[in-house]
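# Descriptive structure summary
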Amino acid sequence: MNLKLSLVFFLFGYLSLLAQTKVSGYVFDENNDPVAYANVVFKGSSQGTITNEEGKFYMESEQTWEELIISFIGYQTQHIPLSKKINYNLEVVLKEEASQLDQVVIVSGKQPKKNNPAIDILRKIWEHKRHNGLRKFDHYEYSKYEKIEFDLNTIDSALTKNKIFKGMEFIFESVDTSNVTGKTYLPIFINESASNVYGDNVNKKEREELKGNKMSGFSNNQFILDFIKDLYSQYDVYDNYLKFFEKSFVSPLSKTGINTYNYVLADSAFIDNKWCYNIIYYPRRKNELTFKGDFWVNDSTFAIKKINMQASKSANINWVKDIYIEQDFDVLNDSVFLIKRDYFMSDFSFRKKEKARGVYGKRTTLYDNYVFDKPRKEDFYKEEVFEYNEDTYNRDDSFWDANRMETLSKDEKGVYKMLDTLQTVSKFKMLYGAATILASGYIELDKLNIDYGSIYSTFGFNEVEGIRIRGGARTYFGPNDPWRLEGFLAYGFRDEKMKYGISGKWLLNKENRFIISGGHRKDIEQIGASLTTSTDVLGRSLASSALFAKGTNDKLSNIELTSLAFELEPIKNIVFRLGADFRTLSSASPSFNLDYYTDDTYTEVASELKQFETALSVTYFPNRRMTGYGVERARANDNYATLFAQLSIGEKNLLDSDFDYKKIQFSYTQPWQLGGFGRLLTTVESGKTFGEVPLGLLSVVPGNQAYFSIYNTFSQLNYYEFITDTYVSAHMEHNFNGRLFSRIPWLRDLNLREIIGLRGVWGEISDANIALNASNVSYRAPSDKIYYEYSFGIGNIFKVFRIDFNFRGNYLENPDARDFGVTGTFGFYF
């Protein structure tokens, strides 16, 4: 028997045991055109869906249903008998209602904003928003169960026979079918968590206590899990914008929805003894970040009872073929509707074609045991968990039987066993290891508890070293290591010199995150690549290691640096750091020097700088979320601001240093989600140096001679073009996420994204510091007028490339001034 046919029979027989009724098909009109947004329901139930742009639908139910009802305004309702439990690929033709031909309402067209009953209901929803759900109460508590799952979809015989799965065929025993898309899928990862949530609407505080967590298969998955949770961040359908995949989608309940969506009042019915209206919505324009779907809303409280949202196929988002959301709300009493179930599914794929294979990411969240108006003390919301609790991640079956609000399917239960078995397969471990290397940049040497890397720093180039190779390693026992050592060796083939560095850090107190760190490095560096000095003693910028650069990149320095620092986080996201370092700087190139005068007559010159410096800094990261409990943690989100302030003091009497000085610096970086208008990133920096210091200790305005677009640098400035001891700079970059291009027909289908940038700096240099200069760098500062640049960029070219066209606004009279330049960058962005 044909293998594919055998597979079909097997799947149909197997899947019939999993659900009582499954149905899929297409809806057409009499002209054989697909009917989008038609209602499809099981007769006698509120279980239904709507067709997509191609007229396709899929539904399944755990109950047995004998009839399907398909309706559409202006067309005759069709009743389709279901003779079997599984009815796939039905073709339904809707006929226009003859008696209503003169007043047919076509749902696929633009709907009126005036005299539209659906929009009248929408306005009532806005009016009652504060009086629905958790917003109605000052304090709340509830239990939450969350299940996150990843599935390989579109399983067919071509995939099961692929050589990559040789020796792992047993994994295909767990194939299931999606109740949203009708595609076969194979669960490959599952995580469950149970927690208690406490909230205070008055002070806008919330705390979540994790009671249990269960992960399938792979070890050390917390970083992956937090990344997933950030992608699927919590959302409220009543909000104007819903953030997914770093994008802001317009909610169908948004106050701006009238300008974004078409609304149609389609039906009304009793749901849980509450009379509700059914409203269909779909986008007015293509390529915008919008949804299509329908919702049921109560006729008296105007609270949402059920809603489903499916991202538009044309939405300008990468690597995600489909997004589907379902929310169900429970009736607490006559006036309060509370969410009880939230289902989120996305289909990750390299292509958006219907038959393209991909990965489902699914999150199911259930809510129960609501308690209201039970206030908690303010300190309760400030408490933090500082220890990794193994018991939380090793709960027994009885715990999950008591806390799992929705039973796992047969296949979901089998995922745990299947993935445990999979880890014993050497071929799988090899594939998993390769993926880990690409993600982290490190090669794990498990037996030695050492990682080799970062592999992305292996090769570099500059005028002094020529081709540079670098190899590094770090200790790694696990993600929550209390201490870590790291080091590297590098060699330049032109200067024929070896460079090296070693650093270590130790977490002494987990509660206030008291960390001691230190290290030593001897290397070549482009100083002045940023206005604030990196705290990573092994750090190296692209300015000194880019493989390609504009102009000669020879203004490099030899640096020998020894550092020691103490770090403390007494309050969440407020980090204090006291550091001390001793550095020796000298020129690494015969065409460049850091010379300065050492006497009052300005006749004696020194070419080497030795300096001891202490620095006290405080950094505040409001709303930052971190992953891990060890000395190194990872960010779990990126939508928070950063405020930084530092006082640095140079001591001439310590370790035979050369200068006394004080420097103060401040910076503020803020990302702004501007809803449908995209994302704005802004940075403001300022600083001042008190005392007379040479070039190696001044604030060099960071130029960029690389071909890469580097935020917080000036693309049209050369290295050392502006030297300051007092400065203020500002950077702004706004990504419209395709909002403008989507309105241009011939550009719309390319899914390009427009980016604009504006950056400027003002600074000055004192006469005393100018007089001290004996280097071959002429001091110039943008003191007469603010130096500025602006740029226009096009992003999402082939989904991975961005190109920026940079324009210099003034100071064109400076030697070798570049009035125009092109930079680019690669990256994987949603």
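None of the values given here were measured: they were computed from a predicted structure.

Reading the values: the criteria
- As a convention, each chain's residues are numbered from 1 in the sequence order in which they are written.
- Per-residue local features of the predicted model are confined to residues with pLDDT of at least 70, and side-chain atom pairs are confined, for both listing and counting, to 80 or more; whole-chain, interface and lining totals are unaffected and use all residues.
- The side-chain figures draw on all heavy atoms in the structure; neither hydrogens nor water molecules are used.
- Helix and strand definitions follow DSSP, with helices as H or I runs of at least four residues and strands as E runs of at least two, each counted in order from the N terminus.
- Burial classification: accessible surface area is computed with a 1.4 Å probe over protein chains only, and a residue below 20% of its type maximum counts as buried, one above 50% as exposed, and the rest as partly exposed.
- Every residue pair with non-hydrogen atoms within 4.5 Å of one another is taken to be in contact.
- Residue exposure ignores everything except the shown protein chains as possible cover, and the areas themselves are Shrake-Rupley values with a 1.4 Å probe.
- Definition of a polar contact: a pair of N or O atoms within 3.5 Å, with one able to donate and the other able to accept a hydrogen when the atoms are protein atoms, and with sequence-neighbouring residues admitted only if both atoms are side-chain atoms.
- Basic side-chain nitrogens of Lys or Arg form a salt bridge, by our definition, when they fall within 4 Å of a carboxyl oxygen of Asp or Glu.
- What makes two strands pair is DSSP finding at least two bridges between them.
- Axes, fitted as lines to C-alpha atoms, cover a helix only where it is in contact. Angles between the N-to-C directions of the axes lie from 0 to 180 degrees.
- In these notes, a set of buried Ala, Val, Leu, Ile, Met, Phe, Trp, Tyr and Cys residues joined through side-chain atoms within 4.5 Å is what counts as a nonpolar core.
- Side-chain rings of Phe, Tyr and Trp (the six-membered ring for Trp) are treated as a pair once their centres are within 6.5 Å; stacked means planes under 30 degrees apart, edge-to-face means over 60, and tilted covers the remaining angles.
- Charge-over-ring contacts are defined here by two conditions on Lys NZ or Arg CZ: a distance within 6 Å of the ring centre and an angle within 35 degrees of the ring normal.
- Think of pLDDT as the predictor's per-residue confidence, scored from 0 to 100.
- Patches here are clusters of residues that have more than 30% relative accessible area and form no salt bridge, with a 9 Å joining cutoff for like charges and a 5 Å cutoff for nonpolar side chains (Val, Leu, Ile, Met, Phe, Trp, Tyr).

This part covers the overall build of the protein. Helix and strand counts for the protein come out as ten helices and 44 strands. Across the 830 residues in the protein, those meeting the buried criterion constitute 51%. Restricting to contacts in the protein with at least 6 residues of sequence separation, those with at least 24 account for 62%. For the protein, the exposed surface amounts to about 39,700 Å²; the carbon and sulfur share of it is 54%.

Another aspect to go through is the environment of E326. With respect to the helices and strands, the residue E326 is situated in strand β18 (residues 320–331). For E326, a relative accessible area of 27% puts it in the partly exposed group. For the pair formed by E326 and M309, sequence separation is 17 residues and the distance between their alpha carbons is 6.6 Å. A distance of 2.7 Å separates a polar atom in the side chain of E326 from a polar atom in the side chain of Y324.

Let us look at unusual backbone geometry. The amide bond that connects G453 to the next residue, S454, takes the cis arrangement and shows omega of 5°. Looking at the secondary structure, you find S454 in the loop between β22 (450–453) and β23 (459–462). At N369, a residue that is not glycine, the phi angle is positive and equals roughly 55°. Relative to the helices and strands, N369 resides in strand β20 (residues 359–372).

For the rest of this paragraph, the subject is the pattern of salt bridges. Applying the stated rule across the entire model yields 32 salt bridges. Between R468 and E465 there is a salt bridge whose closest N-O contact spans 2.7 Å. The same class applies to R468 as to E465, namely buried. The salt bridge involving D523 is made with R468; its shortest N-O contact spans 3.1 Å. Remark: R468 occurs in strand β24 (residues 466–475) and D523 occurs in strand β27 (residues 514–525); sequence separation between them is 55 residues. Here D523 and R468 have matching classes, each one buried. A single network of salt bridges, built from pairs that share partners, joins E465, R468, D495, K499, R521, D523 and E525.

Moving on to the sheet that holds strand β4 (residues 56–61). Spatially, β4-β1-β7 is the arrangement adopted by the three strands of the open sheet, whose pairing is mixed. Each having just a single partner strand, β4 and β7 (86–93) make up the two edges of the open sheet. Here the strands of the sheet are splayed against their neighbours by 20° on average, with no regard to which way each runs. Two elements, strand β1 (residues 21–28) and β4, share six bridges in a ladder whose sense is antiparallel. Counted as the bridge partner of K22 is E60 from β4.

Membership of the largest hydrophobic core comes to 53 residues, with the highest contact counts inside it found for I125, F244, F245, F291, F295, I304 and I323. In terms of residues, this core owes the most to one element, helix α2 (residues 117–127), which gives six residues. Within the second largest apolar cluster, 28 residues are counted, among which are I527, Y720, L772 and Y779.

This next bit is on the sheet that holds strand β3 (residues 48–50). With respect to topology, four strands assemble into an open sheet ordered β3-β2-β5-β6, the strand pairing being antiparallel. Edge positions in the open sheet fall to β3 and β6 (78–81), since each of these has one partner strand only. On average, each strand axis in the sheet is tilted by 20° relative to the strand beside it, whichever way the strands run.

Moving on to the pairing of strand β42 (residues 787–797). As defined by bridge partners, strand β41 (residues 753–764) adjoins β42 across nine bridges and the pair is classed as antiparallel. From the neighbouring strand, I755 faces β42, where its bridge partner is G793. In this sheet, strand β43 (residues 801–808) lies alongside β42 in antiparallel orientation, the contact comprising seven bridges. Bridged to I797 within β43 is F801.

Our next topic: the packing of aromatic side chains. Evaluation of the coordinates by the stated rule reveals 36 aromatic pairs. Considering the side-chain rings of F792 and F807, the 6.1 Å spacing of their centres and the 70° angle between planes classify their relative orientation as edge-to-face. Here the residue F792 occupies a position in strand β42, and F807 occupies one in strand β43, the gap between them amounting to 15 residues. Residue classification places F807 among the partly exposed residues on the basis of a relative accessible area of 25%. An aromatic cluster is built from F137, Y140, Y142, Y367, Y370 and F372, whose rings are joined through pairwise contacts. Between R376 and the ring centre of F380, over which it is positioned, the NZ or CZ distance is 5.0 Å. Just above the ring of F621 sits the side chain of R624; from NZ or CZ to the centre is 4.1 Å.

Tracing the backbone through its elements, the reader meets R513 in the loop between β26 (497–509) and β27. It is 5.5 Å that separates the C-alpha atoms of R513 and L568, two residues lying 55 residues apart in sequence. Contact partners of R513, with chain neighbours within four places excluded, come to L507, E567, L568, E569, Y629, G630, V631 and R633. Polar contacts involving the side chain of R513 include one to the main-chain carbonyl oxygen of G630, which spans 2.9 Å.

Okay, the pairing of strand β5 (residues 67–71) next. Two elements, strand β2 (residues 39–42) and β5, share four bridges in a ladder whose sense is antiparallel. Within β5, the position partnered with V40 by the bridge is I70. As paired elements, β5 and β6 share four bridges and run antiparallel to each other. Its bridge partner lying in β6, I69 is registered against H79.

This part covers the confidence of the model for the protein. Confidence in the prediction of the protein, expressed as mean pLDDT, is 82, and 85% of residues score 70 or more. Averaged over each element, pLDDT in the protein is lowest for helix α1 (residues 3–15) (35) and highest for strand β35 (residues 642–650) (96). Low pLDDT (under 50) marks residues 1–19, which in the prediction has 22 contacts with non-local residues, meaning those over four places away or in another chain. With pLDDT under 50 throughout, residues 99–108 is counted as low confidence; its partners more than four residues away or in other chains account for 13 contacts.

All right, on to a nonpolar patch on the surface then. Residues I756, L758, I786, Y788, Y790 and F792 make up a contiguous nonpolar surface patch of about 530 Å² in total accessible area. Among the secondary structure elements, those contributing two or more residues to the nonpolar patch are β41 and β42. Among the elements that line the nonpolar patch, the one with the most residues is β42, at three residues. You can call I786 exposed: its relative accessible area is 51%.

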